[in-house]
Amino acid sequence: MANQLFRKKNIDTILRDAAAGQGDGHGGGLKRVLGVRDLTFFGVAAIIGAGIFSSIGKAAFDGGPGVVFLYGFTAIACGFAALCYAQFASTVPVSGSAYTYSYVAFGEIFAWIIGWDLLMEYAIGNIYVAGSWSDYFTGLMDKIGWHISDWMTMDSVSAHAGFNEFNELVAKGVALDPVEHGSIISQHSAWANAPDLFGFRLIFDLPAFLIVILITYIVFVGIRESRSASNVMVIIKLAVIFLVIVLGAYYVNPDNWSPFSPNGMSGILKGVSAVFFAYIGFDAISTTAEECKDPQRDLPRGMIYSLLICTAVYVILALVLTGMVHYTQLKVGDPLAMVFDAKGLKVISGIIAVSAIIATASVLLVFQMGQPRIWMSMSRDGLLPKIFSRIHPRHGTPSFSTILTGIIVGVPALFLNMNFVLSMTSIGTLFAFVLVCGGILVLDRRKDAPKSKFRVPYINAQIIYPALLIGAITWILIDTKDASYFTKDIWTKEAWPMALFWVLAIVMGVLTAMRKYSLIPVLGVVSCLYLMAQETHTVWMRFLIWLAVGLCIYFLYSYRNSKLAKEKQ
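Everything numeric in this text was worked out from a predicted model, so none of it was measured.

### Description of the overall build of the protein chain
Next up, step 1: Counting its secondary structure elements, the protein chain contains 25 helices and 2 strands.
Next up, step 2: Burial analysis of the protein chain (569 residues in total) assigns 57% to the buried set.
Next up, step 3: Of all intrachain contacts in the protein chain linking residues separated by at least 6 positions in sequence, the fraction that spans at least 24 positions is 84%.
Next up, step 4: Summed over its atoms, the accessible surface of the protein chain is roughly 23,200 Å², and 66% of this surface lies on carbon and sulfur atoms.

Below, the structure written as structure tokens:
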């Protein structure tokens, strides 16, 4: 049975199946219409969204101006992963992203695990983005005098928590300020005024649901329509961000950058989930491989170009925001609008609010495109029922998978609390990056590996990586002045993810020294594992439970129905 779990797909077979447009016999193949500019725009559309218009404020509040270091480190980690993605995309230019790449490198069980993981990444990520879009939209409606009832704009968990906090503050005699306590006041209003249905408060986020339905329709009707919508939204939001940077630079006070890292490295790393969530978009680009005119050439370029553009934007914008106001004022849901409100520039604030709505919608569009195409690939391999690979005869899109994705994202967006989903999306994406980077190490050692138009540059890590690892351990011991960091402190229940990281980092050091691994994929694996280790043990447990549920489904259905299994019968 063990051999069956690790059965691998042949690359020539994957390409042949994709060319034949295999599905359930309905419809034709996907339409090849995307060029390198479109792919770059898709990447920018996915990367510059809720992260830049919302979570950048919380990250700056925790890390101060030094949050730029976190953006830089995250970009480097993503850069290693992007290069590995680019080689896979050039070698296996089909839809499926990390799922297909893992099927080639590690075998079926890993392919299923990462496919199940990507389901969580895209679906939960889009629930968060839909909720962010709803916040911006309802805020803009309030500014123009069209108030939407609070019980139709949030989840019940947030409303109940705000209701209790409101009452506690009132009992203490605290005067509630509409600006400082605006969210608590809205949550109290939602719970207090919500209709009662059979003893339950009827509270839901209607705008989040409606935007998911609209975006799902655009994705369903065709890749050309999705491309056009994405390109327009990217141009608009880049123009607005350019305006923010240029105008904001005039109001920068260098004194606000001191101290640069007020809470040290621990404060900077608090923003890992928020910052990393902003970078996961280039993963979605690889799911459009079968809709690219020249995927082997254009996919690597699109990934790398979008990552470079977005990193520059994030770093510059973080410096401008923390220079315009003190970092302690940035813990708000709309930091870009807030800094201009603080300077009395209400018109600019309004323009930013409109741009935020467009920006988050573009993220939603790219992610809603990605998930159906992964399901389509899994269905082709027999791991999901054939209906998941059905292609619409007129629109040329995965019809059933697209509609199902809309339902899976839209319905939870009505009711789910957003604080839960952000960290789950980040750890799921990092796990995918680890497998993709590790897959390059496996692929490069295979004698039958096909030639690729793009390859990760080979740098022998046999000496470099072990030296870096020893240097990192030495620096930690000197910095902490206490060896208990490795003997006691990281082996607690709360810190075991970091302990796991060090074990895997040392194992990787031994393997690298023995097998002369390439440096870039090794650093990609280790840096992404390190970011994963920053998540709490609670997030890790939820993630592992999710994977366990997926394995149950695999053994109940996918293991027996796998196309490779049937071929060997």
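That covers the picture; the talk isn't over yet.
### What to know about the nonpolar core
Next up, step 1: Residues Tyr-99, Leu-365, Tyr-465 and Met-532 are the most contacted members of the largest nonpolar core, which totals 156 residues.
Next up, step 2: Other than its neighbours up to four places away in sequence, Met-532 contacts Ile-427, Leu-430, Phe-431, Val-434, Trp-540 and Phe-543.
Next up, step 3: Judged by nonpolar contacts, the second largest core, of 9 residues, contains Ala-159, Ala-190, Ala-194 and Leu-414.

### Some thoughts on the side chain of Ser-379
Next up, step 1: Relative to the elements of secondary structure, Ser-379 occurs in helix H17 (residues 346–380).
Next up, step 2: Here Pro-385 takes part through its backbone oxygen, which lies 2.7 Å from a polar atom of the side chain of Ser-379.
Next up, step 3: Reaching out from Ser-379, the side chain makes a polar contact with the side chain of Ser-389 at a distance of 3.1 Å.
Next up, step 4: In this view, Ser-379 contacts Leu-384, Pro-385, Lys-386, Ile-387, Phe-388 and Ser-389; residues no more than four positions away in its chain are not counted.

### Things to note about the packing of aromatic side chains
Next up, step 1: Under the criterion given, the structure shown has 23 aromatic pairs.
Next up, step 2: With centroids separated by 5.6 Å and ring planes inclined at 80°, the aromatic side chains of Tyr-85 and Phe-433 adopt a geometry described as edge-to-face. Of this pair, Tyr-85 sits in helix H5 (residues 67–91) while Phe-433 sits in helix H19 (residues 418–445), and the two are 348 residues apart along the sequence. Like Phe-433, Tyr-85 is buried.
Next up, step 3: Centroid distance Tyr-554 to Phe-555: 5.1 Å. Interplanar angle 75°. Geometry classified as edge-to-face.
Next up, step 4: A residue is classified by how much of its surface remains accessible, and Phe-555, at 33% relative accessible area, is partly exposed.
Next up, step 5: A network of ring pairs unites the aromatic residues Trp-112, Trp-116, Trp-546, Tyr-554, Phe-555 and Tyr-559 as a single cluster.

### Side note on a nonpolar patch on the surface
Next up, step 1: On the surface, a nonpolar cluster with roughly 490 Å² of combined accessible area is contributed by Leu-197, Phe-198, Phe-200 and Leu-202.
Next up, step 2: Checked against the element boundaries, Leu-197 lands in strand E1 (residues 196–197).
Next up, step 3: Accessibility expressed as a relative area gives 43% for Leu-197, which makes it partly exposed.

### Considering the confidence of the model for the protein chain
Next up, step 1: For the protein chain, mean pLDDT is 78; residues scoring 70 or higher make up 84% of the total.
Next up, step 2: In this model residues 22–28 is a low-confidence stretch, pLDDT under 50, and it forms 14 contacts with partners more than four residues away in sequence or in other chains.

### Some details on the packing of helix H10 (residues 206–221) against helix H18 (residues 399–415)
Next up, step 1: Orientation of H10 relative to H18, taken along the N-to-C sense of each, is 170°, at an axis distance of 8 Å. In terms of orientation, H10 and H18 fall into the roughly antiparallel class. Here Leu-206, Ala-208, Phe-209, Val-212, Thr-216, Val-219 and Phe-220 of H10 come into contact with H18, specifically with Ser-399, Thr-402, Ile-403, Gly-406, Val-409, Gly-410, Val-411, Ala-413 and Leu-414.
Next up, step 2: Among the residues forming the contact of H10 with H18, the class breakdown is 11 nonpolar, 5 polar and no charged.

### So, the state of the cysteines
Next up, step 1: The final tally for this structure, using the stated rule, is 0 disulfides.
Next up, step 2: Lacking any disulfide linkage, Cys-528 is separated from the closest cysteine sulfur, that of Cys-437, by 5.3 Å.

Rules used in this analysis
- Residues numbered from 1 in each chain as written.
- Predicted model: local features only at pLDDT ≥ 70, side-chain atom pairs only at ≥ 80, totals over all residues.
- Heavy atoms only, no water.
- Helix = DSSP H or I, 4+ residues; strand = E, 2+ residues; numbered from the N terminus.
- Buried < 20%, exposed > 50% of the residue type's maximum accessible area, 1.4 Å probe, protein only.
- Contact = heavy atoms within 4.5 Å.
- Areas by Shrake-Rupley, 256 points an atom, 1.4 Å probe, with all protein chains shown as cover.
- Core = buried A, V, L, I, M, F, W, Y, C linked by side-chain atoms within 4.5 Å.
- Polar contact = N/O pair within 3.5 Å; in protein donor to acceptor, adjacent residues only side chain to side chain.
- Phe/Tyr/Trp six-rings, centres within 6.5 Å; stacked < 30°, edge-to-face > 60°.
- Patch = residues over 30% accessible without salt bridge, like charges linked within 9 Å, V, L, I, M, F, W, Y side chains within 5 Å.
- Salt bridge = Lys/Arg side-chain N within 4 Å of Asp/Glu carboxyl O.
- pLDDT = per-residue confidence, 0-100.
- Axes fitted to C-alpha atoms, helices over the stretch in contact; angles between N-to-C directions.
- Parallel < 35°, antiparallel > 145°, perpendicular 65-115°, else oblique.
- Nonpolar A, V, L, I, M, F, W, Y, C, P; charged D, E, K, R; others polar.
- Disulfide = S-S within 2.5 Å.

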